[in-house]
Amino acid sequence: MTVPAGRSSVAERAVAETASVDLLRLLAHTFGASLVVRPLRDARGNVIDGRIEAINSEALRLTRVPLGDPTGKSLVELYEPDGLRALLAALAQARPGGDPVDLIWSLRSTLSVHARAINVSGGLIALSLRDAGNAFIDAIGSRQLLDHAPFSIVIKTPDSRYLYANKEFEKQVGRPADEILGKTSLEVLPPGVAERFAARDQMVVTTRSPVAVESEELLLGRTHTFINRAYPLFDASGAVSAIVSTETDITALRQAEQKVSESERLFRAVFETAGVGIAMYGAKDRRLISCNPTYARILGYKPDELTGRSFLDLTHSDDRKQQVELASQQELGAIGGFELEKRYLRKDGGIVWGRISVSMVRDEKGDPLCTVGILTDLTDRHAAEERLQQSEHQLRLITDSVPVLITYCDAEGRYRFINREYEEWSGKSRPEVIGKTVRENLGEANFAKVKPFIDAVLTGCPQHFETEIQFPKVGKRAVSCSYVPHLDEAGGVIGYFVVVSDISTRMEQERLLRKAKEEAEEISRAKSSFLATMSHELRTPLNAIIGFSEMIRDQVLGPIGTDRYKDYASDIHLSGEHLLDLINSILDLARIEAGRFEIDRVPTDLCAVARVAIPIMRGHATAGGLDFVIELPDRPALVIGDPVRLRQVMINLLSNAIKFTPPKGMVRLTIAHRTGSRIEFSVSDTGIGMREDEIPKALELFGQIDNRMTRRYQGAGIGLPFTKALVEAQGGTFSIVSAPERGTTVTALFSELNESLTGGEFLR
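Residues numbered from 1 in each chain as written. Predicted model: local features only at pLDDT ≥ 70, side-chain atom pairs only at ≥ 80, totals over all residues. Heavy atoms only, no water.

> Describe the environment of Arg430, with residues and values.
Mapped onto the elements of the fold, Arg430 is located in helix α16 (residues 430–433). Spatially, the C-alpha atom of Arg430 lies 8.0 Å from that of Phe417, the residues being 13 residues apart in sequence. (Helix = DSSP H or I, 4+ residues; strand = E, 2+ residues; numbered from the N terminus.)

Written out as structure tokens, the structure is:
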């Protein structure tokens, strides 16, 4: 080992060189698995033997060297021949100054050993031994060996000046050796690190003993964790001549340890807080070793109360046999693990349903160590299943008692439920239907009718329709069908319910009703045609009667001789006009019903119409001894209508009110503006009135209310129906409010016309 000139004294170099042999022995005892061998060669230079120069305890264990001090003994004495061939071959390959030689050989113990051999000047061979899969530090030898070491090695004087630094140390400090040798730690290392190293070196010199410390250092911008070891070397007089220090970067090891620690903490946190029960049982005695709080809580115990308990003590007697059989098969290796639903016995004597998943933990030889069980509490689920079974039983009782078909199909169109009525109609039992598709059960023809509705309900849209289905047992039936989607929590369709009711009777009744309606409409049309025809037929002779009676009454052709004949002619004329008015009303009503009644639609002021009708009816009211009250608004009451027909409506209503009001009574005509742009026209009286159930009859054509007052005041029963028809034909609404002996109010309501829209042109 040499030191550049100017870096250290000759004495210091000598100390370093004379210490090399001691250093080799020291390194053998310092690092993981080291063996120093001095080879013995034949005349050709081949290695024929090897004597152990130094060996540490790890190498003793790893290479199976017999206990005791093997120093100085030949490898041939210590190893079997079949274990030495590769080793001696490697020693023969090693050359001074050459690269390390890697080899793997097997000992009699079948242990696979990985070694790295280096030919060291002076004839020493250093082997760094490693288990397969375990990396041990390569370490012993001269400068060549030290320079190849994967950890830093330095040699210092007692006052901490560097005599030697290997390549790894150069990398750690980021400086070449020629900038390191001869300098102190304070000159090479950062201040804090240098002071710690100087103090350590001083402790080695003072105590004359090795010192090992662990520290964190910031090197080249990164924090590293190191194991620092320092050893004293002594000269012939026993004084400390040098300090050998090694520094191993264990950052990755500490990080791995931290990860392991974090994993252990995480496992413990999961174990303690898991929502399922976790328990470990002995593989042989099957007694509980440890469990988490959830496992104990499920069974109603505290965790320490379960320690040492056999799983059989906690299992319901009816479920023990099955678990014992499965556990035995698992122990023998027939099965790796198993799951089982069983009943547990709680501390309070109750029963808990649970699902246990059991795994076997084995050692490297495959022998059982323990079993781990994961317990899920199924008590609530079993209770829910029992409630569901009861609910299904109740549902079946209900659905089997209703006279409709009820089924449930899944999203694939397969039947999952049918009621008894479906069995009756289809002639098939539940086992014959459940699991089959709608197409299979209904057949192609019927399936084609309902397929569009099935496709629609599977999109989430309820369907309601009527159709005819051919059933195997009951034949063709008209049915009303309702398809209701069954949605999951996310809104997806997982099936649909079907409710089918027989509407064959209803359909037949509707057919008969339609037929009766058509016949009634035909009769009504015939009636209207008859009334129109008869009205025309009667008007011709009536016109002649009225005309000739008027001529006789007025003695157009000369005196008739007797005044009584003149009175007769006047009566004939009045009766004829009355009959003609009656016939005209019947004819108009028939036209309205037939939709052929012509009405002028022009802007009309109802107040103006009332002013024409009032003088006509005032005399009749006065003659009957009645108060005649008129209430008109200050501004026009404009509507769209026929002025002649509206006047006819007013006259008819006033005539009825006067007719059915006893003397000293009152008749009121009112026109008013109402909210919502409406015009209200009403006629009220204090007359005889009607019961509520008599009003519909009064509105029937030719309707007569059979009581004393109606017999006293005769009429044909056309006035109110005809008046109502006239109001509705002009877009109005017609209503009657009446009570016996309290009078009647008849109201017509029309939409108001804005005067600005008429341009001032309307009928007044």
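> Describe in detail the pairing of strand β17 (residues 415–418), supporting the description with residues and values.
Where strand β16 (residues 405–410) meets β17, three bridges bridge the pair, whose relative direction is antiparallel. Bridging from a neighbouring strand, Cys409 pairs with Tyr415 of β17. Hairpin connection between β16 and β17: a loop of four residues separates the two successive antiparallel strands, and Gly413 in this loop has a positive phi of roughly 80°. (Pairing = 2+ DSSP bridges.)

> Residues and numbers for the packing of aromatic side chains, please.
Counted according to the given criterion, the structure contains eight aromatic pairs. Judged by centre distance (5.3 Å) and plane angle (80°), the ring pair of Phe465 and Tyr483 falls under edge-to-face. Taken together, the residues Phe465 in strand β18 (residues 463–471) and Tyr483 in strand β19 (residues 475–487) connect sequence positions 18 residues apart. The ring of Phe197 has Arg200 sitting right over it, with the charged end atom 4.6 Å from the ring centre. Sitting over the ring of Trp425, Arg477 keeps its end group 5.2 Å from the ring centre. (Phe/Tyr/Trp six-rings, centres within 6.5 Å; stacked < 30°, edge-to-face > 60°. Lys NZ or Arg CZ within 6 Å of the ring centre and 35° of its normal.)

> Give me the lowdown on the environment of Phe471, citing residues and values where you can.
As for its placement among the helices and strands, Phe471 is situated in strand β18. On the basis of relative accessible area, Phe471 is assigned to the buried category, the value being 7%. Separated by 30 residues in the primary sequence, Phe471 and Asn441 have C-alpha atoms spaced 9.9 Å apart. Excluding its chain neighbours within four sequence positions, the residues that come into contact with Phe471 are Leu405, Trp425, Lys476, Arg477 and Val479. (Buried < 20%, exposed > 50% of the residue type's maximum accessible area, 1.4 Å probe, protein only. Contact = heavy atoms within 4.5 Å.)

> Please set out the sheet that holds strand β20 (residues 493–502) residue by residue, giving values where relevant.
Each strand in a sheet pairs with its neighbour through backbone hydrogen bonds, running either in the same direction (parallel) or in the opposite one (antiparallel). Read from one edge of the open sheet, five strands run β17-β16-β20-β19-β18, paired in antiparallel fashion. Both edges of this open sheet fall to β17 and β18, since each of them pairs with a single strand only. Recorded for the sheet is a direction-independent mean angle of 25° between the axes of neighbouring strands. Bridging between β18 and β19 involves nine bridges; their strand directions are antiparallel. The residue bridging Phe465 from the neighbouring strand is Cys481, located in β19. Across the sheet, helix α18 (residues 444–457) is in contact with β18, β19 and β20; its angle to β18 comes to roughly 155°. (Axes fitted to C-alpha atoms, helices over the stretch in contact; angles between N-to-C directions.)

> So what's going on with the sheet that holds strand β13 (residues 337–345)? Which residues, and what values?
Taken together, five strands build an open sheet; the order of strands is β12-β11-β15-β14-β13 and the sheet is antiparallel. On the outer flanks of this sheet lie β12 (288–291) and β13, each paired with one strand and no other. Across the sheet, the mean angle from the axis of one strand to that of its neighbour is 30°, orientation sign disregarded. Pairing analysis gives nine bridges linking strand β14 (residues 351–362) to strand β15 (residues 368–377), with the strands arranged antiparallel. Among the inter-strand pairings, Val358 is bridged to a residue of β15, identified as Gly373.

> Residues and numbers for a nonpolar patch on the surface, please.
There is a patch of nonpolar side chains on the surface, built from Phe548, Met551, Val556 and Leu557 and spanning about 450 Å² of accessible area. Topologically, Phe548 is positioned in helix α19 (residues 504–554). Of the residues examined, Phe548 reaches a relative accessible area of 54% and is grouped as exposed. (Patch = residues over 30% accessible without salt bridge, like charges linked within 9 Å, V, L, I, M, F, W, Y side chains within 5 Å. Areas by Shrake-Rupley, 256 points an atom, 1.4 Å probe, with all protein chains shown as cover. Salt bridge = Lys/Arg side-chain N within 4 Å of Asp/Glu carboxyl O.)

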